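Coordinates in review
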Amino acid sequence: MYGILTSDPTLARADVGEFVHFVTDDVSGRRGTPLDGVVNAVACWGNTEIVRDDPDRAATTTKGTRATPETEGHHWGTICPTDPDYRAGLLDRIETVGDNGDVRLTTPGFPGGGFCRCVRCERQFATSEFDDRVAWRTATITRFVREAKNRITGDLIVTLYPDPYPGNLRARAGIDPQALESVADGFLVPLCSISYETTYWVESLARGFAHELGDLDIPLTFQLSASEAGVDRLVDVTHQIESYADAVVYGTYEGDFETVREVIHRRGTATPRSQPV
Ligand SMILES: [Zn+2]
């Protein structure tokens, strides 16, 4: 299956591909109007606007480094996942967006292995049933995703950080795909580049996820970006990864809409290559 991901309501209605992911709420803090008949994507703890307005709410390390757009390795602000008011508001928002159908969660975990070590997280971990911090973080995120799922009637798709190495999703983000098997209805992995000058890493990551998640009965979608990749290059990348997934979704803007349309047309009329995993 092939679909598009867009934040443009007009493109979302352009009838290209078999499904649409619509960026309803993004990591800037922008809140949009959800659409019917699409998968509405909601940014979870990525929210630059709130971090800018109230830096104390950002996830932080033991050294006081905050998850802000200015911090190396971070491209947006990330709220501490145990912030009770934010968490409650986020679940309400997911419920509201979910009234329109399926929901995709983006930025659903901690923003890196060193986060969050704020006073509240330290206290919650210390008084928890866990001796292992990774286990506590994973339980925190799993509980949130379960609550999100309970708030909606449609499917829930969870975005995973593109690191299939065993144990790394737990250590980085507190996300455990195995623990989410009974909760999530789909996993999505972004494998985005600007132009895909090289593609070996895309295939390697796709293959790694197929290995790691292959035993789970959950559909897997890979997301490709298209901003500076031509049709041939994007068709080639798709060809390399599609046998590892159930679907491919293309990040789509007005400027590359025709490229994506042509790629989906060409892949839709081709026979997928089968690859041993
Ligand atoms: Zn915290």
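Above this text is the structure in question.
Description of the structure in this document. Keep in mind the model is a prediction, meaning the values are calculated, not measured. (Residues numbered from 1 in each chain as written. Predicted model: local features only at pLDDT ≥ 70, side-chain atom pairs only at ≥ 80, totals over all residues. Heavy atoms only, no water.)

1. What to know about the pairing of strand β7 (residues 220–224)
Heads up, the condition is: For every residue, the accessible area obtained with a 1.4 Å probe (protein chains only) is divided by the maximum for its type, and the residue is called buried under 20%, exposed over 50%, and partly exposed between those limits. Secondary structure elements are taken from DSSP: a helix is a run of H or I of four residues or more, a strand is a run of E of two residues or more, and numbering for both begins at the N terminus. Convention used here: a crossover is right-handed provided that the path from the first strand, over the helix, to the second strand proceeds clockwise when the strands point away from the viewer. Two strands form a pair only when DSSP identifies at least two bridges running between them.
When you tally the buried positions in β7, you get 5 out of 5 residues, the bulk of the element. Of the two faces of β7, both are covered, the one formed by L220, F222 and L224 as well as the one formed by T221 and Q223. In this region the chain leaves strand β6 (residues 186–190), passes through helix α7 (residues 200–213) and returns to the parallel neighbour β7; the handedness of that crossover is right-handed. Judged from the 4 bridges that link them, β7 and strand β8 (residues 247–251) form a sheet pairing that is parallel. Bridge pairing links T221 to A247 in β8. Crossover handedness for the path β7 to helix α8 (residues 231–241) to β8: right-handed.

2. Things to note about the side chain of Q223
Cut-off, in case you're wondering: It only takes one pair of heavy atoms within 4.5 Å for two residues to be counted as in contact.
Tracing the backbone shows Q223 in strand β7. Accessibility expressed as a relative area gives 8% for Q223, which makes it buried. If near-sequence neighbours (up to four positions away) are discounted, Q223 is found in contact with L5, R104, L188, V189, P190, L191, C192 and V249.

3. Quick notes on the coordination of the zinc ion
Stated formally: Because water is not among the atoms used, a metal site may look incomplete, as its donors are only the N, O and S atoms within 2.8 Å, or 3.2 Å for Na, K and Ca. Only four donors with every angle between 85 and 135 degrees are called tetrahedral; only four or six donors with opposite donors over 155 degrees apart and all others between 65 and 115 are called square planar or octahedral, in that order; all others are irregular.
All of the protein donors around the zinc ion are C80 (SG), C116 (SG), C118 (SG) and C121 (SG); their distances to the metal are 2.2 to 2.3 Å. Its 4 donor atoms give the zinc ion angles of 97 to 115° at the centre, a pattern that matches the tetrahedral case. In terms of primary sequence, the donors binding the zinc ion are separated according to C-x35-C-x1-C-x2-C. Accessibility assignment for this pair places C116 and C121 in one class, buried.

4. A look at the nonpolar core
Buried together is how nonpolar side chains tend to be arranged in soluble globular proteins. Selection criterion: Buried Ala, Val, Leu, Ile, Met, Phe, Trp, Tyr and Cys residues form a nonpolar core when they are joined through side-chain atoms within 4.5 Å.
Core analysis: the biggest nonpolar cluster contains 75 residues, and I94, F144, L160, F187, F222, L224 and Y250 have the highest contact counts within it. In this view, L224 contacts L191, C192, Y196, V202, L234, V237, T238, I241, V248, V249, Y250 and G251; residues no more than four positions away in its chain are not counted. Membership of the second largest hydrophobic core comes to 8 residues, among which are V23, L188, A247 and V249.

As far as function goes, none of this settles anything; it's purely spatial.
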